[in-house]
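Secondary and tertiary structure notes
Here is how the chains run, residue by residue.
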Amino acid sequence: MSMSTQERTSGSVTVGDQAPDFTLPTAKGDQVSLSEFRGEKSVVLYFYPKDSTPGCTAEACSFRDSYEVFQEAGAEVIGVSSDSSESHENFAKKNNLPFILASDEGGALRKSYGVPSTLGLLPGRVTYIIDKQGVVRHIFSSQFAPQKHVDEALKILKQF
């Protein structure tokens, strides 16, 4: 299995593309838009299958444990799943998550980025590194190595 996939499906985002903007509800009950970071911060946008499952909890806690490093690198972390804002709020509180969790309940954002499913059932686990100009600089896809997403993201952010 390739760790860094650039597979093209219709509507999929690839390296060099302008990242599709979005506005989604967050765990805190407000809204987050990708465009609010343009010109200010890079964004680590990571899609994950489901709140409070073992792999997703491990991944979120890895992002939590490295959050200061992301901040120092000038990046904001945004986690996205189709769970509700209430579910995100519980997940964030339970695991002391300092970053934004956004709710993509209908899966529209997942579709617009072309995030694949695993085995046709599980929503994919894919991380997009988006620079300050809103351009996708790196895509990392690995359903079964959740903590590797953090390492990959930090490695790429250090390059710009």
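Residues numbered from 1 in each chain as written. Predicted model: local features only at pLDDT ≥ 70, side-chain atom pairs only at ≥ 80, totals over all residues. Heavy atoms only, no water.

1. A few points about the overall build of the chain
Along the backbone of the chain there are five helices and nine strands. In the chain, the succession of α and β elements from N to C terminus is β-β-β-α-α-β-α-β-α-β-β-β-β-α. Against the compact-globule benchmark of 15 Å for 160 residues, the chain has a radius of gyration of 14 Å, which places it among compact chains. If one aligns the C-alpha atoms of the chain with their principal axes, the spans along those axes are about 35 × 35 × 25 Å. Residue pairs in contact within the chain that sit at least 24 positions apart in sequence constitute 66% of those at least 6 positions apart. Accessible surface computed for the chain: about 7,600 Å², of which carbon and sulfur atoms make up 50%. Taking the average location of the 16 positive side-chain charges in the chain and that of its 20 negative ones, the two points are 4 Å from each other. (Helix = DSSP H or I, 4+ residues; strand = E, 2+ residues; numbered from the N terminus. Rg over C-alpha atoms; globule rule 2.2 N^0.38 Å. Contact = heavy atoms within 4.5 Å. Areas by Shrake-Rupley, 256 points an atom, 1.4 Å probe, with all protein chains shown as cover. Lys, Arg positive; Asp, Glu negative; His and termini not counted. Charge placed at Lys NZ, Arg CZ, Asp CG, Glu CD.)

2. As for the pairing of strand β3 (residues 42-47)
The side chains of a regular strand alternate between both faces of the sheet. Counting buried positions along β3 gives six out of six residues, so the element sits mostly inside the fold. Of the two faces of β3, the one carrying S42, V44 and Y46 and the one carrying V43, L45 and F47 are both buried. With six bridges connecting them, β3 and strand β4 (residues 75-81) associate as parallel partners. Bridge assignment links S42 to a residue of β4, and that residue is A75. (Buried < 20%, exposed > 50% of the residue type's maximum accessible area, 1.4 Å probe, protein only. Pairing = 2+ DSSP bridges.)

3. Description of helix α3 (residues 85-95)
Those residues of α3 lying buried are S85, H88, F91, A92 and N95. For α3, the angular spread of the buried residues around the axis is 120 degrees, confining them to a single face. Facing away from the buried side of α3 by more than 90 degrees, the exposed set consists of E86, N90, K93 and K94. Two residues or fewer after α3 comes N96, characterised by a positive phi angle close to 50 degrees. (Arc of directions from axis to C-beta.)

4. Some thoughts on unusual backbone geometry
In the Ramachandran plot, S52 falls in the positive-phi region, its phi being about 65 degrees despite a non-glycine side chain. Relative to the assigned elements, S52 resides in the loop between β3 and α1 (54-65). The exposure class of S52 is partly exposed, given its relative accessible area of 40%.

5. Details of the pattern of salt bridges
All told, the structure shown has seven salt bridges when counted by the stated rule. Its salt-bridge partner being K41, residue E76 comes within 3.5 Å of it at the nearest N-O pair. Note that E76 is positioned in strand β4 and K41 in the loop between β2 (31-33) and β3, a separation of 35 residues in sequence. Residue classification places K41 among the partly exposed residues on the basis of a relative accessible area of 26%. Where D65 meets R64, a salt bridge forms, and the shortest distance between an N and an O atom there is 2.9 Å. By relative accessible area, which is 57% here, D65 ends up exposed. (Salt bridge = Lys/Arg side-chain N within 4 Å of Asp/Glu carboxyl O.)

6. Quick look at the packing of aromatic side chains
Counting across every chain of the model gives ten aromatic pairs. Look at F47 and Y113: their rings are 5.5 Å apart centre to centre, the planes differ by 50 degrees, and that puts the pair in the tilted class. Taken together, the positions of F47 in strand β3 and Y113 in helix α4 (residues 108-113) put the pair 66 residues apart, joining distant regions of the chain. Among the residues examined, F47 registers a relative accessible area of 0% and is labelled buried. Among the aromatic side chains, those forming a connected cluster through ring pairs are Y46, Y48, F63, Y67, F70, F91 and F99. (Phe/Tyr/Trp six-rings, centres within 6.5 Å; stacked < 30°, edge-to-face > 60°.)

All quantities given are derived from atomic positions and should not be read as evidence of function.
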